[in-house]
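Residues per chain are reported as follows:
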Amino acid sequence: MPLWRLWVLLGGLLAALTAQADGLTAVQLLREGGCGGTLPPARPLHHDVLLDRAAEQWAAGRTPKAAAELSGYRAEATAGVHIRGPESSTVELLRQAGCHALLDSSMRDVGVYHRGLDTWLVLASAYVVPALSQAPMLASRVLQLVNEARARGARCGERSFEPVAPVKLSGTLASVAFGHATDMAQHNYFEHVDLAGHSPADRVRAVGYQERLVGENIAYGPKSAEEVVQGWLDSPGHCENIMDSRFAEMGIAYAPGHASKRGLYWVQLLAAPQV
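Moving on, we get to the overall build of the chain. Secondary structure assignment for the chain yields ten helices and ten strands. With the principal axes as the frame, the chain shows a C-alpha extent of 90 × 45 × 30 Å. Within the chain, the fraction of its 275 residues that count as buried is 44%. Within the chain, counting contacts between residues at least 6 apart in sequence, those at least 24 apart form 67% of the total. Of the accessible surface of the chain, which amounts to about 14100 Å², a share of 57% is contributed by carbon and sulfur atoms. Counting 24 positive and 27 negative side-chain charges, the chain places the averaged centre of each group 1 Å from the other.

In structure tokens form, the structure reads like this:
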């Protein structure tokens, strides 16, 4: 390669890297200063090279969300800011283009792509799945919330329920619940009846649990005990299961989705054991 061409390529690369650095620096300055004092300051963003690729994909015509997916970044939320103008005006252009997006406190990471006078920025927060080591703590919290609802009574759709006795955790039911949550997550379905045709009662009996009655609540998406329990209480059928005075034991489990399914699959088993 001729020396002059090598210098041209190196010069172009240096210019692109400088523009990228300028874009990132401008974003951090705006967040630190609250976009000129117009908004509360926000903590600095982490520069993620996957989001650099996402910004390039956005420039190619994809949406910021689709671009993040394609880049391999597991995004829970995304936002994009596009500006056009000289590098010397980057801060002012960004301020005019989207202070609210740039200072969104829920965003954690940023990527940038620069081409000519155009700069594309993708801001995102990664989807964080609770570690399975947190399962006992989340199970205890779900139990607490369920028993609080049972203790105060509830209105489930058009039916009202008086306070009922608490349920207790069952390790056996939790194991069955985890098996079904994992199966749904791995095989990308969301049903009470599994792919082998087994019902919740079938799965409970298969492990030797002696039951008189079995109920099951499932959910997809929530990341916290509070969110999943409130969702069930807001749904008449699920709420009725929680408030059923015949149930004395509960198992709760979750499993993270795979591929594009990034929420949690939750399974709550409620049962009345034989006495």
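Next comes the rest of the account.
Turning our eyes to something else, we now look at the sheet that holds strand β7 (residues 168-169). Spatial strand order, β7-β9-β10-β8: four strands in an open sheet with mixed pairing. Edge positions in the sheet fall to β7 and β8 (211-220), since each of these pairs with one other strand and no more. As defined by bridge partners, β7 adjoins strand β9 (residues 249-256) across two bridges and the pair is classed as parallel. Residue lysine 168 lies in a different strand from β9, and its bridge partner there is glutamate 249. Across the sheet, helix α10 (residues 236-243) lies against β8 and β10 (264-273), angled at about 140° from β8, the strand it touches most.

Further remarks concern the sheet that holds strand β3 (residues 109-115). Across a sheet, strands are paired by hydrogen bonds formed along the backbone, either parallel or antiparallel in direction. Strands sit in the order β1-β3-β4-β2 across an open sheet of four strands; the sheet is mixed. The sheet terminates laterally at β1 (46-47) and β2 (75-84), the two strands that pair on one side only. In the sheet, β1 pairs with β3 via two bridges, with the strands oriented parallel. Across the sheet, the residue bridging to histidine 47 is valine 110, located in β3.

Looking now at the packing of aromatic side chains. Summed over the entire model, instances satisfying the criterion amount to four aromatic pairs. Taking 6.5 Å as the distance between ring centres and 50° as the angle between the ring planes, the aromatic pair formed by phenylalanine 190 and tyrosine 265 counts as tilted. Residue phenylalanine 190 is found in the loop between α7 (171-187) and α8 (200-206), and its partner tyrosine 265 is found in strand β10; the two are separated by 75 residues along the sequence. Each ring, one from tyrosine 220 and one from tyrosine 265, has its centre 4.8 Å from the other, and the planes form 50°; the classification is tilted. With tyrosine 220 in strand β8 and tyrosine 265 in strand β10, this residue pair connects regions lying 45 residues apart in the sequence. With relative accessibility at 33%, the residue tyrosine 220 sits in the partly exposed group. The class of tyrosine 265 is buried, set by a relative accessible area of 2%. Within the aromatic cluster, the residues linked to one another by ring pairs are Phe190, Tyr220 and Tyr265.

Here the focus is the packing of helix α3 (residues 49-59) against helix α4 (residues 64-71). Relative orientation of the contacting elements α3 and α4 amounts to 130°, with a least axis distance of 8 Å. Taken together, the axis directions place α3 and α4 in an arrangement best described as oblique. In the packing of α3 onto α4, the handedness of the crossing is right-handed. Counted together, Leu50, Leu51, Arg53, Ala54, Gln57 and Trp58 of α3 and Pro64, Ala67, Ala68, Leu70 and Ser71 of α4 form the full contact between these two elements. For the contact of α3 with α4, a count of residues per class yields eight nonpolar, two polar and one charged.

For the coordinates displayed, the defined rule picks out eleven salt bridges. Between lysine 168 and glutamate 249 there is a salt bridge; the shortest N-O distance is 4.0 Å. Of this pair, lysine 168 sits in strand β7 while glutamate 249 sits in strand β9, and the two are 81 residues apart along the sequence. Across the pair glutamate 211 and arginine 205 runs a salt bridge, and its minimum N-O distance is 2.9 Å.

In total, this model carries one cavity of 30 Å³ or more according to the counting rule given. A volume near 60 Å³ is recorded for the largest cavity. Looking at the lining of the largest cavity, the elements that each hand over two or more residues are α1 (3-32), β2 and α5 (90-102). With three residues, the top contributor of residues to the lining of the largest cavity is α1. Of the residues assigned to the lining of the largest cavity, the class counts are five nonpolar, five polar and three charged.

So, how was this worked out
- Residues numbered from 1 in each chain as written.
- Predicted model: local features only at pLDDT ≥ 70, side-chain atom pairs only at ≥ 80, totals over all residues.
- Heavy atoms only, no water.
- Helix = DSSP H or I, 4+ residues; strand = E, 2+ residues; numbered from the N terminus.
- Buried < 20%, exposed > 50% of the residue type's maximum accessible area, 1.4 Å probe, protein only.
- Contact = heavy atoms within 4.5 Å.
- Areas by Shrake-Rupley, 256 points an atom, 1.4 Å probe, with all protein chains shown as cover.
- Lys, Arg positive; Asp, Glu negative; His and termini not counted.
- Charge placed at Lys NZ, Arg CZ, Asp CG, Glu CD.
- Pairing = 2+ DSSP bridges.
- Axes fitted to C-alpha atoms, helices over the stretch in contact; angles between N-to-C directions.
- Phe/Tyr/Trp six-rings, centres within 6.5 Å; stacked < 30°, edge-to-face > 60°.
- Parallel < 35°, antiparallel > 145°, perpendicular 65-115°, else oblique.
- Left-handed = near helix turned anticlockwise from the far one by under 90°.
- Nonpolar A, V, L, I, M, F, W, Y, C, P; charged D, E, K, R; others polar.
- Salt bridge = Lys/Arg side-chain N within 4 Å of Asp/Glu carboxyl O.
- 1 Å grid on protein atoms, 1.4 Å probe; cavity = no way out; pocket = protein on both sides within 12 Å on 5 of 7 lines; lining within 4 Å.
- Points joined across faces, edges and corners; volume = space filled by probe spheres on them.

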